[in-house]
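Each chain, written out:
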Amino acid sequence: MAFSDNLRKARKHKSMSQAALSGITGVSVAAICKYEKGTMLPTVITAAELAKALGVTVEFLVYGKEMKNDERKQAGDM
């Protein structure tokens, strides 16, 4: 899955509207809409804010799954 799909999935899992997510994170509704449509990607800082608000990791938003500890170690070795 793409970032856009994972963001939408996490937001809907929390039963949160785009406006509510915007209010929590300070990211505009227009930007969230573009992220979910896949026409724009957030900065790393914004992705972290979105992940925190949704109770998921940035890895989930990027990869669609939580990274295992050994995958995190390998990613840190790069």
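Scroll up to find the structure.
Residues numbered from 1 in each chain as written. Predicted model: local features only at pLDDT ≥ 70, side-chain atom pairs only at ≥ 80, totals over all residues. Heavy atoms only, no water.

## Concerning unusual backbone geometry
Inference 1: A positive phi angle is found at Ser-15, which is not glycine, with a value near 55°.
Inference 2: For Ser-15, the position within the fold is in the loop between helix H1 (3-13) and helix H2 (18-25). (Helix = DSSP H or I, 4+ residues; strand = E, 2+ residues; numbered from the N terminus.)

## Points about the packing of H1 against helix H3 (residues 29-37)
Inference 1: Orientation of H1 relative to H3, taken along the N-to-C sense of each, is 120°, at an axis distance of 6 Å. If you check the angle between H1 and H3, you find them oblique. Of the residues in H3, those in contact with Phe-3, Ser-4, Leu-7, Arg-8 and Arg-11 of H1 are Tyr-35, Glu-36 and Lys-37.
Inference 2: Taken together, the residues of the contact of H1 with H3 break down into three nonpolar, one polar and four charged. (Axes fitted to C-alpha atoms, helices over the stretch in contact; angles between N-to-C directions. Parallel < 35°, antiparallel > 145°, perpendicular 65-115°, else oblique. Contact = heavy atoms within 4.5 Å. Nonpolar A, V, L, I, M, F, W, Y, C, P; charged D, E, K, R; others polar.)

## Remarks on the packing of H2 against helix H4 (residues 44-54)
Inference 1: H4 packs onto H2 with a crossing angle of 110° between their chain directions and a minimal axis gap of 10 Å. The orientation of H2 with respect to H4, classified from their angle, is roughly perpendicular. Read as a crossing pair, H2 and H4 show a hand that is right-handed. Judged by residue contacts, Leu-21, Ile-24 and Thr-25 of H2 engage Glu-49, Leu-50, Ala-53 and Leu-54 from H4. (Left-handed = near helix turned anticlockwise from the far one by under 90°.)

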